There are 4 protein chains.
Amino acid sequence: MAGSVMGKNFQISTFGESHGPALGVIIDGCPAGIGLTSEDIQKDLDKRKPGTSQFTTSRKEGDKVEILSGVLDGVTTGTPISLLIRNKDQRSKDYSNLENIYRPGHADFTYDKKYGFRDIRGGGRSSGRETAARVAAGTVAKKILDELDVSILTYTRSIGDVEIDYDRFDKSFINENPFSMPDPKASKKAANLITKAKKDQDSLGGVIECVVSGMPAGVGEPVFERLDAMLAASVMSIGATKGFEVGSGFQAAKMKGSDHNDNWYYDEDNNIKKHTNHAGGILGGISDGSDIILRTAFKPTPSIAKEQTTITKGGQNAEITIEGRHDPIIVPRAVIVVESMVAITLADYIYSRIFSDINMIRKAYSK
Amino acid sequence: MAGSVMGKNFQISTFGESHGPALGVIIDGCPAGIGLTSEDIQKDLDKRKPGTSQFTTSRKEGDKVEILSGVLDGVTTGTPISLLIRNKDQRSKDYSNLENIYRPGHADFTYDKKYGFRDIRGGGRSSGRETAARVAAGTVAKKILDELDVSILTYTRSIGDVEIDYDRFDKSFINENPFSMPDPKASKKAANLITKAKKDQDSLGGVIECVVSGMPAGVGEPVFERLDAMLAASVMSIGATKGFEVGSGFQAAKMKGSDHNDNWYYDEDNNIKKHTNHAGGILGGISDGSDIILRTAFKPTPSIAKEQTTITKGGQNAEITIEGRHDPIIVPRAVIVVESMVAITLADYIYSRIFSDINMIRKAYSK
Amino acid sequence: MAGSVMGKNFQISTFGESHGPALGVIIDGCPAGIGLTSEDIQKDLDKRKPGTSQFTTSRKEGDKVEILSGVLDGVTTGTPISLLIRNKDQRSKDYSNLENIYRPGHADFTYDKKYGFRDIRGGGRSSGRETAARVAAGTVAKKILDELDVSILTYTRSIGDVEIDYDRFDKSFINENPFSMPDPKASKKAANLITKAKKDQDSLGGVIECVVSGMPAGVGEPVFERLDAMLAASVMSIGATKGFEVGSGFQAAKMKGSDHNDNWYYDEDNNIKKHTNHAGGILGGISDGSDIILRTAFKPTPSIAKEQTTITKGGQNAEITIEGRHDPIIVPRAVIVVESMVAITLADYIYSRIFSDINMIRKAYSK
Amino acid sequence: MAGSVMGKNFQISTFGESHGPALGVIIDGCPAGIGLTSEDIQKDLDKRKPGTSQFTTSRKEGDKVEILSGVLDGVTTGTPISLLIRNKDQRSKDYSNLENIYRPGHADFTYDKKYGFRDIRGGGRSSGRETAARVAAGTVAKKILDELDVSILTYTRSIGDVEIDYDRFDKSFINENPFSMPDPKASKKAANLITKAKKDQDSLGGVIECVVSGMPAGVGEPVFERLDAMLAASVMSIGATKGFEVGSGFQAAKMKGSDHNDNWYYDEDNNIKKHTNHAGGILGGISDGSDIILRTAFKPTPSIAKEQTTITKGGQNAEITIEGRHDPIIVPRAVIVVESMVAITLADYIYSRIFSDINMIRKAYSK
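Definitions and limits used
- Residues numbered from 1 in each chain as written.
- Chains lettered and ligands numbered in written order.
- Predicted model: local features only at pLDDT ≥ 70, side-chain atom pairs only at ≥ 80, totals over all residues.
- Heavy atoms only, no water.
- Contact = heavy atoms within 4.5 Å.
- Buried area = accessible area lost by both parts, 1.4 Å probe.
- Salt bridge = Lys/Arg side-chain N within 4 Å of Asp/Glu carboxyl O.
- Helix = DSSP H or I, 4+ residues; strand = E, 2+ residues; numbered from the N terminus.
- Nonpolar A, V, L, I, M, F, W, Y, C, P; charged D, E, K, R; others polar.
- Pairing = 2+ DSSP bridges.
- Axes fitted to C-alpha atoms, helices over the stretch in contact; angles between N-to-C directions.
- Buried < 20%, exposed > 50% of the residue type's maximum accessible area, 1.4 Å probe, protein only.
- Phe/Tyr/Trp six-rings, centres within 6.5 Å; stacked < 30°, edge-to-face > 60°.

1. What to know about the interface of chain A and chain B
Reasoning step 1: Chain A puts 109 residues into the contact, and the matching count from chain B is 109 residues.
Reasoning step 2: Contact between chain A and chain B buries roughly 8,700 Å² in total, counting both sides, with carbon and sulfur atoms accounting for 61%.
Reasoning step 3: One can count 4 salt bridges joining chain A with chain B.
Reasoning step 4: We note a salt bridge from Glu130 of chain B to Arg226 of chain A, for which the minimum N-O separation is 3.6 Å.
Reasoning step 5: At 6 residues, helix H2 (residues 108-115) of chain A tops the list of elements feeding residues into the side of chain A that touches chain B.
Reasoning step 6: When grouped by side-chain class, the residues that make up the side of chain A that touches chain B number 45 nonpolar, 40 polar and 24 charged.
Reasoning step 7: Where strand S11 (residues 241-246) of chain A lies against strand S11 (residues 241-246) of chain B, 3 bridges are found, and the strand directions are antiparallel. By the bridge assignment, Phe244 of chain A is partnered in S11 of chain B with Phe244 of chain B.

Below you can see the structure in the form of structure tokens.
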């Protein structure tokens, strides 16, 4: 329980500091027989890469992944898959001015309190850079979900007070704008908003939404390991998240039971359907066969160029101006991170589903 | 990974169906040397008990707890603490009319899909009655937190659209109204709202807020086991929750970095303080020494007397009217459940804190 | 990690002191759809019960089991199965004379050191009585193994220096002698040996052997969770065990590679066979389809009537004579305990097997 | 539960195939503030390295370790420590002749059965080469034990039928002979025995013994996580082990209670001592303050040059002659592996000890 291991049967273990030699992940529990290449992973890593537009940091992070084990001739072997991402130029900068000061909104103070001291180089382990390892693991998880025809769509729902309009929802536009918004008009407004924030030496937050399609009904667990609870944990383990919702979310608190309950019906092909999906695809912690819908809120980037007041380790009140190239908003680069965490959690649950019914176990063993 | 075990070092395992012989919990990992009596637990269980006001179900749930192990002469021995709560009159009712029909908003359909069939008696394992075991474990967790002067205050923040006004916040009033609201005026409005909902054969939702005081800075983990992520999981594992927030929550998504960052300062006694607490007491997944603040949204009770449309297992569209005595709102009885889940999670983290620093380990072993 | 929880997917959590109100176990992870009654469990518990012959303690332990959850109409529901065994007359004796003295060969001293004090009544949690909960869980595990046609035969291989002769191996005789020996002649010798030890106010040890048949090839894990390693842990978690072997065991250390290697061949029906089974059915931590064979050594019962020297807690050297009715040998009653631990471990691995191959996962999900 | 992750609070995750790009380990749960350099690790890795004498394989395994994270300026930071060992010349050989044949005594058949196919290059994940990652993690574990003055001595107790004589026990000689034997005379006999085995194209087994000194009393857990049970699991997770003993081991089965019980006494300085140590330093699963003594048996190397009979995957009986440079005995190179596994397990328990007593927790948190 030191924080960098996750999952029970599809289990990942990550490592790496922002400015150390490398980042990476070991995935223990990927079944044998699945096609996997470093190109598959690279494609997802590139979605997280900075510098792809004027709205993200212009820092260079190559993020080239190397597969060290667990794959033979492009197919998983069932043994641990180790993925390595070398950091580039990790010693290029002098961070000693940060050693004695606590940046507001950052984990500088809390790391010092927990460990007695901290790695000051670019935030060390608390840097958003650690999410590269999550994305790499996410690709592998999605490969497993693919085998069962489960797919995930993730996008930006809002930036600051700019929210998408579902009447204009355009799935194909998500990859065609720097904010992963499915609404061209909202995307344009967001561009203006971010441009202004940058000029003001300030930063913005936003909300990411994720929709999982094709999940069979019956996946999840009762009580502590409800599927929504575990999705909450995995998504809220991403730095800078402040909230999580499934289905109706906080809106549910203001609804009446007669409105909130999703009524069941058989459609004309005799398929089981619901008239609404306030549940967000999960009832009693278990998938109900409809889309799983979740949202998470990101705070504005804490690193801002504006002068702030803070304290030194040594006992002085102080002023701080954070230099360097920072994302004016975390959300666009976090879209693939949210998707990865959802995929990692679901891959684990796909397995656990099998155990709840002796008929599925028998079927798995049948010849 | 079957869902009813939680925690790593302070680990709990619960069991029990709504209408089976008993509910209960085993707590493995409570240190030796802490005072604990069944009266301590009973006090918390009574807060969850129905029938204490006209606004909760009039069902009788005695919920008398028996300590079966792990306590000797009123002191914990370090071995597993087993707590048993017998169900009363569990066979008093005929549930066979529910066998073939799926109640909207309930887990009937998903349990059938997961397990092949389900225990129809009062919801079986998916019943809110399983939370009694959580509350019993929560008392033990709070005993550990007491030893380190950590305390928890939990209350209802809103019912439907009635929200408390922090200018009228009265801590002492929480236990003096049936809704655990800290605002007399809001409590009165809530009473009217619920009375109306009952008359309409409908139900309401709400938001519960929880404030943890006295938590030392440095408690939590980086990456996957961030303290906020684990609190999200434990709170959202309570049935009927739809969302979770820490600190500024979803509001953070609309704020600017310069407003959201909590600026550090030394107060006149040279204590480290923050001007605001948007972080909700957690930075980088680790406690920062200020209050930990979290909120969770509950959906309206799915069991309503109003007629609803749904389906039968056998392939027919159908109508359903749910009889029996149901809570028109879950929130008031859930306050102690949220508090218990927070306590259980924090107790586990109090332990893990010790491992991150060799000096704390050395100190623990010193003579 | 407080010691009383075991398993990953078939997970058990036990509780109970020798002289507290009750013992029991929660099993989380038994699939739905398996027949289970309290009579099934009682049958195994009765094999562990003392007082069935002149060679075990004449203490009365009723050990009546009650199923509190997880079973409906004689079929498992997939939710936690809780099993309760009340202790009888737990306050019948005065143990205060043991409070200040450390019995040789017992855990009195180490419990005091670990917890600061201990439950002196009959050994508390360190009593062999806790194995009743293991046996109850073992019945459930064996029900799962039954579904896959895996069966377990467990028997006494030696008592003191009396060893069974495999030329006289008679499976049917195991349940017809008080020592569970499969050899009538050895059983008779053992009776004489134990009678003498009792007269000498002394005690004996022995070796239990276990043979698992029908295990499909391919069950187990590489590296840390090798099937033999996990069997070692589960069997050696039984009190009073001092050693564990699989297949050739310690004898392997004296053999040559050309003798030890089990040579493969196809039999006349084209089945894959091995000429020998020094591997004990496990290669590289994974089952090879032949019988899994393991052995464990039990030390002589530490409670003996003979006077011994020891110390008091208070700093004095002292003499001690242990009164009461004690087993002159633990082995016969431990046979069912060993079998239970093996079954619990295998049930967990039967699940994990499915994850290693995407084809098995696909098959489980197929319609 | 895929086999390559171990531990609860000091948790390690390993990866790597014999002939893949690299091997390595992530250690999550090493406290901050401990000195650690790659030289520390290299020293242990070199003990495992082949080619150091005529009695081990002449294969070249450079085994140069690189620290990728978790260490800053030679001190652990509390975040995951990732250690990387590149394989050299991993594609130097053609293994295609092994694709269709099952080597006796190897995991070829069982890997095929578990995963559907296997990595044939040098045994893939089932190769003894994976133990390099264990040794690297072991160094870190020993650094933690050092802080609490716990030390470990590991040596070869027997090779074939050559056993050390404790009357000639010479600790300083362990590192001065190629077999890590503490007895010059036995070492010489062993050399002759191995020379003969090599000439006969055969191999030998042996027994390794390990003595842990300085372990405080009270470390361990009751029931399933007894310290001896967990040591059994960790040691028997090393490939080629067939048995495990603690203290008196299998000999205990032939002893009488009055002989086996270790009698307590106060020595002249009023320290608590035992006249004997049949317990092997563990009573009731918890350390008693005396030396922890354990042994494990290794089978003879399965790779022998002698011709053997076996089968092909395709259904034919066949003959096989294993070429290449193989260790005629695994034991000498396994000494450091056993030590590492013991250290890794003990490091985890050192932590867990703190949780069992509220006084230790309070002390850790005290200022």
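Structure shown, so let's carry the discussion forward.
2. So, the sheet that holds strand S2 (residues 11-16) of chain C
Residue and element names in this part refer to chain C.
Reasoning step 1: One open sheet accounts for 5 strands, arranged S1-S2-S3-S7-S4; its pairing is antiparallel. In this open sheet, the two edge strands, each paired with only one partner strand, are strand S1 (5-6) and strand S4 (65-69).
Reasoning step 2: Here 6 bridges tie S2 to strand S3 (residues 22-28), and the two strands are oriented antiparallel to one another. Bridge pairing in S3 links Gln11 to Asp28.
Reasoning step 3: Along the sheet, helix H1 (residues 38-48) makes contact with S4 and strand S7 (81-86), crossing S4 at roughly 140°.

3. A word on the pairing of S11 of chain A
All names here are of chain A.
Reasoning step 1: With 6 of its 6 residues buried, S11 lies for the most part within the structure.
Reasoning step 2: Where S11 meets strand S16 (residues 292-298), 5 bridges bridge the pair, whose relative direction is antiparallel. Its bridge partner lying in S16, Thr241 is registered against Phe298.

4. Regarding the pattern of salt bridges
It is possible for side chains of opposite charge to pair when their charged atoms get near one another.
Reasoning step 1: Scanning the entire structure with this criterion turns up 116 salt bridges over all chains.
Reasoning step 2: Across the pair Arg295 of chain D and Glu209 of chain D runs a salt bridge, and its minimum N-O distance is 2.9 Å. Taken together, the positions of Arg295 of chain D in strand S16 (residues 292-298) and Glu209 of chain D in strand S10 (residues 206-213) put the pair 86 residues apart, joining distant regions of the chain.
Reasoning step 3: The exposure class of Arg295 of chain D is buried, given its relative accessible area of 8%.
Reasoning step 4: Here Asp262 of chain D and Lys274 of chain D are joined by a salt bridge, their closest N and O atoms 3.5 Å apart. Taken as a pair, Asp262 of chain D in the loop between helix H6 (257-260) and strand S12 (264-266) and Lys274 of chain D in strand S13 (residues 272-274) lie far apart in primary sequence, 12 residues in all. Judged on exposure class, the residue Asp262 of chain D and its partner Lys274 of chain D are both buried.
Reasoning step 5: Within this structure, Arg103, Asp108, Asp112, Arg118 and Lys313 of chain A form a network of salt bridges that share partners.

5. Some remarks on the packing of aromatic side chains
Reasoning step 1: All chains considered together, the criterion is met by 28 aromatic pairs over all chains.
Reasoning step 2: Judged by centre distance (4.6 Å) and plane angle (50°), the rings of Phe109 of chain A and Trp264 of chain B are tilted. With Phe109 of chain A in helix H2 and Trp264 of chain B in strand S12 (residues 264-266), the pair connects residues from two separate chains. Taken as a pair, Phe109 of chain A and Trp264 of chain B share a single burial class, namely buried.
Reasoning step 3: Here the aromatic cluster, defined as three or more aromatic residues joined through ring pairs, consists of Tyr351 and Phe355 of chain A together with Tyr351 and Phe355 of chain C.

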